[in-house]
Amino acid sequence: MNFDEVISARRSVRKYLETDVDDSLIYDIINSGILAPSAHNRQPWKIKILKRTDKDYIASLLLKKAALDNSIVSTANVIKEAPILIVIFYDDSGNSRDNDMLSLGAFIQNMHLKATSLGLGSLWIANTNYIKKEISEFLKIDLECISCLCVGYSDQVIKPRPRKKLEEIVVS
Ligand SMILES: Cc1cc2nc3c(=O)[nH]c(=O)nc-3n(C[C@H](O)[C@H](O)[C@H](O)COP(=O)(O)O)c2cc1C
C-alpha cells in the first residue's frame, strides 16, 4: 500500500479474528509511533502491551462504568475480542500539557496507520479514560493513561464513515 492507500484504508475496527498477532508486527507498529513528531522532541509517551487476562481485566473494569456513556459496553467488548491492547501513558515532559497531548495524538495516529499498512485492524480508544486511575493502579504504573489502541486481524469490512467536505472546514 502506498501512503494515500494507507490513509484511505484505515478504519476503526471493532470486530477481530482470534488469530494471534506476531510480536514483531507489534514492535513495527510501536516503532512507527516512535517516529512521530513531538513538541520540542520530548516524546512524552510510554506504553504497555497487554494480552489475554490483563486485557480482559481492563475490559471488565470498563464495563463497571457502562452507565456513564452509551459506547462503553461496545468498547469493552472490542477490548475483549482484540488480541492486543496497547495502553498509552503520558510521560509528562515538563512541556505544556496541550503540546504533549498533541504529540501523543501524533504517536497514536502513526501506530494506527502502521497497523493498517501491515494488514492489521486497530481501534483508537479513549473510553478507557473513564478508568485511567484504575488502569495505572492495576498495572502499577505511576503515569496517566491517555488512550489505548486495540490491534488484531479485522473480521469486518467497514465502509468509510462520513467526513466533512473541504469547503466546510476551510474558514473564509
Ligand atoms: C481520540 C479518539 C478516541 C476514540 N475513542 C473511541 C472509543 O473509546 N471507542 C470506540 O469505539 N471508538 C473510538 N474512537 C474511534 C472513532 O469513533 C472513529 O475514529 C470515528 O468514528 C471515525 O471512524 P473511522 O476511524 O473508521 O474513520 C476514537 C477515536 C479517537 C481519534
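First, a word on scope: everything that follows refers to the structure included in this document.

Quick notes on the rules
- Residues numbered from 1 in each chain as written.
- Predicted model: local features only at pLDDT ≥ 70, side-chain atom pairs only at ≥ 80, totals over all residues.
- Heavy atoms only, no water.
- Pairing = 2+ DSSP bridges.
- Helix = DSSP H or I, 4+ residues; strand = E, 2+ residues; numbered from the N terminus.
- Axes fitted to C-alpha atoms, helices over the stretch in contact; angles between N-to-C directions.
- Contact = heavy atoms within 4.5 Å.
- Phe/Tyr/Trp six-rings, centres within 6.5 Å; stacked < 30°, edge-to-face > 60°.
- Buried < 20%, exposed > 50% of the residue type's maximum accessible area, 1.4 Å probe, protein only.
- Near = heavy atom within 4 Å.
- Polar contact = N/O pair within 3.5 Å; in protein donor to acceptor, adjacent residues only side chain to side chain.
- Areas by Shrake-Rupley, 256 points an atom, 1.4 Å probe, with all protein chains shown as cover.
- Salt bridge = Lys/Arg side-chain N within 4 Å of Asp/Glu carboxyl O.

### Quick notes on the sheet that holds strand 3 (residues 121-125)
In step 1: Sheet architecture is open: four strands sit in the order 1-2-4-3, paired in antiparallel fashion. Lying at the two open borders of the sheet, with one neighbouring strand each, are strand 1 (45-51) and strand 3. Neighbour-to-neighbour, the strand axes of the sheet open up by a mean angle of 20 degrees, direction not taken into account.
In step 2: Where strand 3 lies against strand 4 (residues 144-152), five bridges are found, and the strand directions are antiparallel. Paired with Gly121 across the bridge in strand 4 is Gly152.
In step 3: Contacts between helix 2 (residues 23-34) and the sheet are confined to strand 1, strand 2 (84-90) and strand 4, with strand 1 contributing the most and set at about 160 degrees to the helix.
In step 4: Here helix 5 (residues 97-117) sits on the sheet and contacts strand 1, strand 2, strand 3 and strand 4; the angle it forms with strand 2, its principal contact strand, is near 160 degrees.

### Describing the packing of aromatic side chains
In step 1: Taken as a whole, this structure holds two aromatic pairs when the rule is applied.
In step 2: The interplanar angle of 10 degrees and the centroid separation of 4.5 Å between the aromatic rings of Trp45 and Phe107 together place this pair among those described as stacked. You can see Trp45 sitting in strand 1 and its partner Phe107 sitting in helix 5, a full 62 residues away along the chain. A single burial state applies to Trp45 and to Phe107, both of which are buried.
In step 3: With centroids separated by 4.5 Å and ring planes inclined at 50 degrees, the aromatic side chains of Tyr57 and Phe138 adopt a geometry described as tilted. Taken together, the positions of Tyr57 in helix 3 (residues 52-63) and Phe138 in helix 6 (residues 132-139) put the pair 81 residues apart, joining distant regions of the chain.
In step 4: According to the relative accessible area criterion, Phe138 is partly exposed, its value standing at 27%.

### What about the site of the ligand?
In step 1: All residues in the neighbourhood of the ligand are listed as Arg10, Arg11, Ser12, Arg14, Thr75, Leu123, Trp124, Ile125, Ala126, Asn127, Arg161 and Arg163.
In step 2: The contact in question runs from an oxygen atom of the ligand to an N or O atom on the side chain of Ser12, over 2.6 Å.
In step 3: In this structure, a nitrogen atom belonging to the ligand sits 3.0 Å away from a side-chain N or O atom of Thr75.
In step 4: Starting from 620 Å² of accessible surface for the ligand in isolation, the protein chains cover 71%.

### Looking at the pattern of salt bridges
In step 1: One pass over the structure, following the stated rule, counts seven salt bridges.
In step 2: Its salt-bridge partner being Asp56, residue Lys55 comes within 3.1 Å of it at the nearest N-O pair.
In step 3: Given a relative accessible area of 3%, Lys55 falls into the buried group.
In step 4: What makes Asp56 partly exposed here is its relative accessible area of 33%.
In step 5: With a closest N to O distance of 2.6 Å, Glu144 and Lys132 form a salt bridge. Of this pair, Glu144 sits in strand 4 while Lys132 is found in helix 6, placing the two residues 12 residues apart along the sequence.
In step 6: Overall, Lys132 belongs to the partly exposed group, its relative accessible area being 22%.
In step 7: One network of salt bridges, in which partners are shared, links Arg97, Lys132 and Glu144.

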